[in-house]
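Descriptive analysis of the structure
Listed below are the residues making up each chain.
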Amino acid sequence: MMNSIPNVPPPINEPVLSYAPGTPERALLKETYARMHGEEIEIPLIIGGREVRTGNTEVQVSPHEHGHVLARYHKAGAAEVRQAIDAANKAWKDWSNWPWEDRLAVFQRAADLLATRYRPVLNAATMLGQSKTAHQAEIDSACELIDFLRFNTHFAQKLYSEQPFSGPGMWNRLDHRPLEGFVYAVTPFNFTAIAGNLPTAPAMLGNVALWKPAATAVYSGWYIMQILMEAGLPPGVINFLPGDPGPMTETILGDRSLAGIHFTGSTSVFQMIWRQVGERIDQYRTYPRLVGETGGKDFIVAHASADPAALATAIVRGGYEYQGQKCSAASRVYVPQSLWPQVRELTLGMMETIRVGDVSDYRNFMGAVIDRKAYDKITGYIKHAHAADDVEVIAGGTYDDSVGYFIQPTLVQVQDSAYQLMCEEVFGPVVSLYPYPDAEWEQTLQIVDQTSPYALTGAVFSNDRAALLQADRALRNAAGNFYVNDKPTGAVVGQQPFGGARGSGTNDKAGSILNLVRWISPRTIKETFAPARSYEYPFLAEK
Ligand code: NAD
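Residues numbered from 1 in each chain as written. Predicted model: local features only at pLDDT ≥ 70, side-chain atom pairs only at ≥ 80, totals over all residues. Heavy atoms only, no water.

**Things to note about the overall build of the protein**
Short version of the rule: Counting from the N terminus, the helices are DSSP H or I runs at least four residues long and the strands are E runs at least two residues long. For the radius of gyration, the atom set is restricted to C-alpha positions; the globular benchmark scales as 2.2 Å times the number of residues to the power 0.38. For every residue, the accessible area (1.4 Å probe, protein chains only) is compared with the maximum for its type, and the residue is labelled buried under 20%, exposed over 50%, or partly exposed between those bounds. The criterion used for residue contact is that any of the two residues' heavy atoms lie within 4.5 Å. A 1.4 Å probe and the Shrake-Rupley method give the accessible areas. Residues count as covered only by the protein chains that appear here. Within this scheme the basic residues Lys and Arg register as positive and the acidic residues Asp and Glu register as negative, but His and the chain ends are omitted. Positions of charges follow a simple convention, taking NZ of Lys, CZ of Arg, CG of Asp or CD of Glu.
Secondary structure summary: the protein contains 16 helices and 23 strands in total. For the protein, the C-alpha radius of gyration of 25 Å lies close to 24 Å, the compact-globule estimate for 543 residues. Over its C-alpha atoms, taken along the principal directions, the protein stretches across nearly 85 × 70 × 50 Å. A total of 543 residues make up the protein; the buried ones form 56% of that total. Here the analysis covers contacts within the protein between residues at least 6 apart in sequence; of these, 78% occur between residues at least 24 apart. On the protein, roughly 22,900 Å² of surface is accessible, and the fraction owed to carbon and sulfur atoms is 52%. Measuring between centres, the 47 positive side-chain charges of the protein sit 6 Å from its 57 negative side-chain charges.

**Structural notes on the domain arrangement of the protein**
Cut-off, in case you're wondering: For every domain, the bounds stem from an assignment made automatically or drawn from a database. Note on terms: buried area is the combined drop in 1.4 Å-probe accessible area of two parts once they are placed together, counting the loss on both. Counted as a polar contact is a pair of N or O atoms within 3.5 Å, where, for protein atoms, one must be capable of donating a hydrogen and the other of accepting one, and residues adjacent in sequence contribute only when both atoms are in side chains. As a working rule, the residues Ala, Val, Leu, Ile, Met, Phe, Trp, Tyr, Cys and Pro are called nonpolar, Asp, Glu, Lys and Arg charged, and the rest polar, with Gly in that last group.
The assigned domain composition of the protein is domain 1 (29-294 + 505-524) and domain 2 (298-484). Just the C-alpha atoms count here: the centres of domain 1 and domain 2 sit 31 Å apart. On the side of domain 2, 29 residues touch domain 1, which itself brings 23 residues to the contact. Considering only the side of domain 1, the residues that lose the most area to domain 2 are His-64, His-66 and Phe-189, jointly responsible for 25% of the buried surface there. Remark: the boundary between domain 1 and domain 2 carries 11 residue pairs in polar contact (both at pLDDT 80 or more). Sorting the residues of the side of domain 1 that touches domain 2 by element identifies α1 (24-37), β5 (65-74), α4 (119-130) and α5 (134-160) as the ones contributing at least two each. Looking at the side of domain 1 that touches domain 2, its residues break down into eight nonpolar, 11 polar and four charged.

**Some details on the packing of aromatic side chains**
Convention followed: Between the rings of Phe, Tyr and Trp (Trp by its six-membered ring), a pair exists once the centres lie within 6.5 Å; its type follows the angle of the planes, with under 30 degrees stacked, over 60 edge-to-face, and the other angles tilted. We call a charge positioned over a ring when the NZ of a Lys or the CZ of an Arg lies within 6 Å of the ring centre and within 35 degrees of the ring normal.
What the rule picks out here adds up to 14 aromatic pairs. A ring pair is formed by Phe-151 and Phe-155, whose centres lie 6.3 Å apart and whose planes are at 45 degrees; its orientation type is tilted. One end of the pair, Phe-151, and the other, Phe-155, are both in helix α5, four residues apart, so they sit about a helical turn from each other. Ring plane angle 70 degrees and centroid distance 5.1 Å describe the contact between Trp-211 and Phe-240, whose orientation is recorded as edge-to-face. Residue Trp-211 is found in strand β8 (residues 208-212), and its partner Phe-240 is found in strand β9 (residues 238-240); the two are separated by 29 residues along the sequence. In this structure Trp-211 comes out as buried when scored by relative accessible area, which is 0%. Accessibility expressed as a relative area gives 0% for Phe-240, which makes it buried. Geometry around Tyr-362 places Lys-30 over its ring, the cationic atom sitting 4.3 Å from the centre. Looking at Lys-132, its charged tip hangs above the ring of Tyr-322, at a distance of 4.3 Å from the centre.

This is the structure we're talking about:
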């Protein structure tokens, strides 16, 4: 044990590499992608640091080339889930007592491995498995995950420094204990960074985790696991468990040592998990912490004073990057009628130049949507829009799944602000737009606020300060991440802590100290230096 109060290296957001023609990063990523594309790998479970093969396997394919198998992965059954719980509980005994600086050093090292040697590997895995372009992969699987690891270690130190006052003759301290039990991390397909963050944020604070990746992101998840193990994460601290979510979750929620759930995914699944925990609440050793970031129906609302070019750019970038599969993606837009002709021309002009296709062709701005289920759901909305009265598909509206699950960026103009595409989460490259009468600015703000059960992200565009103030007040509870004259996507760790309320989640702000607070159970210690030696107080005296 050293006599020191160390400082975690100060975090700086990882610079985004450009991948422009002629750059070394572009050559390396292309080479890595080609190599990984040429091999089919086998992915075991990792339980207690050991590879486990169940023989019950599933394949992961490339969304933009769905005939191409990337990996065959083993799925956990009830026996492996129980083994993982045992491994986690065993690891907890040691890991929860490690000096905090040694724990945090593991994740600092993981960040550096990812920033260097593993960068092209995790980016290529995210491109191949989740159909992200080079740029979308870079800002997710490289920069955001590196930022999560570096900023969270910094926030952990800050959290540990949070100590109470001490009156005369005593010393009060807080011991920021990890939770007593394991955390179940359930991760989505759409961000490799979130998949890495959900098990590691609790683990940094001395917790142990069972990590269930999404079926369509096992491939990139496997490489995250490699990085963590190479960085020195002890066996059993994070157990990697791909598998069928329903039965696995049933077994996991049935264990009394469940101490927390770190979830990102759809609202319905999170609500189901919450319900299942509630039904068993008397069986747990401790009240499980439930942290969930879920769906959204993210908006852009423009005032008549908005800059049309900035607005059109926000619609295109916010709505269609990563095929609209960001939880923060702009999917409903409200534009004043006076501005609409100009915004329409600018937006359609940009959309005409967008290329959709295989992400290994860097000219493509968009790849494929994640799988058959998503493709069917999104194209179902497009078919409905084609057929509906008072709804006009003004751009895109076509799709083709012969090679990959490709859907053209689609813009739908509606006359009814309550049309289903304005209210429901589509999670695809479909933006619906309602041109509102200029005189109804205030009513429109009310519509924006009341239209959906979600409250994740939203943006207002205006060059009129008074209008911005009105929007700020009217939409205060409509978005957990609110943007002024900017697109509602692209939150950066340490700069815009992310999360929404209402139906969008518990709003525990991933990548901030507010999230880490959920993974500790502080113990207050009061030490008295010269304790009282008689029970009597002075007031008891007769005179
Ligand atoms: P999803 O809900 O289908 O899956 C998320 C995770 O839940 C996966 O690991 C999946 O296997 C698991 N799951 C599915 N059924 C389950 C069950 N019955 N029991 C337990 N686990 C189960 O979501 P997805 O398609 O991976 O991701 C898209 C959704 O995630 C969208 O709704 C999006 O808005 C949301 N999302 C939200 C945020 C945020 O920060 N708010 C970020 C990313 C994604």
